[in-house]
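Given next are the chains, with one letter for each unit.
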Amino acid sequence: LKINPERIKILEELGFHWTATKTFEGHLADLIEFKNNFGHCNPTADYPTLRSWCYYMRRCYKDRMVNRETYEAAEAGIIGANGRIPKPK
C-alpha cells in the first residue's frame, strides 16, 4: 500500500501517530485489569484494541513466534492461550 505525500500531510495535521504508542507491558496491564474486572481474558467488541492485541498474541502463540516475555505471560495464564508452547531458545 502506498500513500501519497498529500495524504501523509493530512494525517499528520490531524495528529496521527505513525508508530505504536503502547508497549507489550501496556497492553498486558490492560489485560490484567480486564481479567480482574471480568474474570477472563477474552475481551469483547467493546474493547477493540485489547481484543486485537489478544488475537495477535494468540496467533503468535499458535505460530510459535513467541519471545521470552510473551512465553512468560502465557505460562502465567494471563494471555489464556490453549496448549503448551516450547520454551524460547
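Higher on the page you've got the structure.
The paragraphs below set out a description of the structure included in this document. (Residues numbered from 1 in each chain as written. Predicted model: local features only at pLDDT ≥ 70, side-chain atom pairs only at ≥ 80, totals over all residues. Heavy atoms only, no water.)

### A short note on the overall build of the protein chain
Then step 1. The number of helices and strands found in the protein chain is 4 helices and 0 strands.
Then step 2. In the protein chain, the succession of α and β elements from N to C terminus is α-α-α-α.
Then step 3. With 89 residues in all, the protein chain has 22% of them scored as buried.
Then step 4. Within the protein chain, residue pairs in contact and separated by at least 24 positions form 25% of the contacts whose partners lie at least 6 positions apart.
Then step 5. With the model as given, the accessible surface of the protein chain reaches about 7100 Å², and the carbon-plus-sulfur share is 53%. (Helix = DSSP H or I, 4+ residues; strand = E, 2+ residues; numbered from the N terminus. Buried < 20%, exposed > 50% of the residue type's maximum accessible area, 1.4 Å probe, protein only. Contact = heavy atoms within 4.5 Å. Areas by Shrake-Rupley, 256 points an atom, 1.4 Å probe, with all protein chains shown as cover.)

### Examining the packing of aromatic side chains
Then step 1. According to the stated counting rule, one finds 5 aromatic pairs in the structure shown.
Then step 2. With a centroid separation of 5.1 Å and an interplanar angle of 80°, the aromatic rings of F34 and Y47 are classed as edge-to-face. Here F34, found in helix α2 (residues 24-38), pairs with Y47, found in the loop between α2 and α3 (48-62); they are 13 residues apart in sequence, far enough to count as distant.
Then step 3. Taken together, the ring pairs in this structure connect F34, F38 and Y47 into an aromatic cluster. (Phe/Tyr/Trp six-rings, centres within 6.5 Å; stacked < 30°, edge-to-face > 60°.)

### Description of a nonpolar patch on the surface
Then step 1. A cluster of nonpolar side chains, contributed by I3, F16 and W18, occupies part of the molecular surface with about 300 Å² of accessible area.
Then step 2. Residue position: W18 is located in the loop between α1 (5-13) and α2.
Then step 3. A residue is classified by how much of its surface remains accessible, and W18, at 46% relative accessible area, is partly exposed. (Patch = residues over 30% accessible without salt bridge, like charges linked within 9 Å, V, L, I, M, F, W, Y side chains within 5 Å. Salt bridge = Lys/Arg side-chain N within 4 Å of Asp/Glu carboxyl O.)

By themselves, these are just geometric observations and shouldn't be taken as functional.
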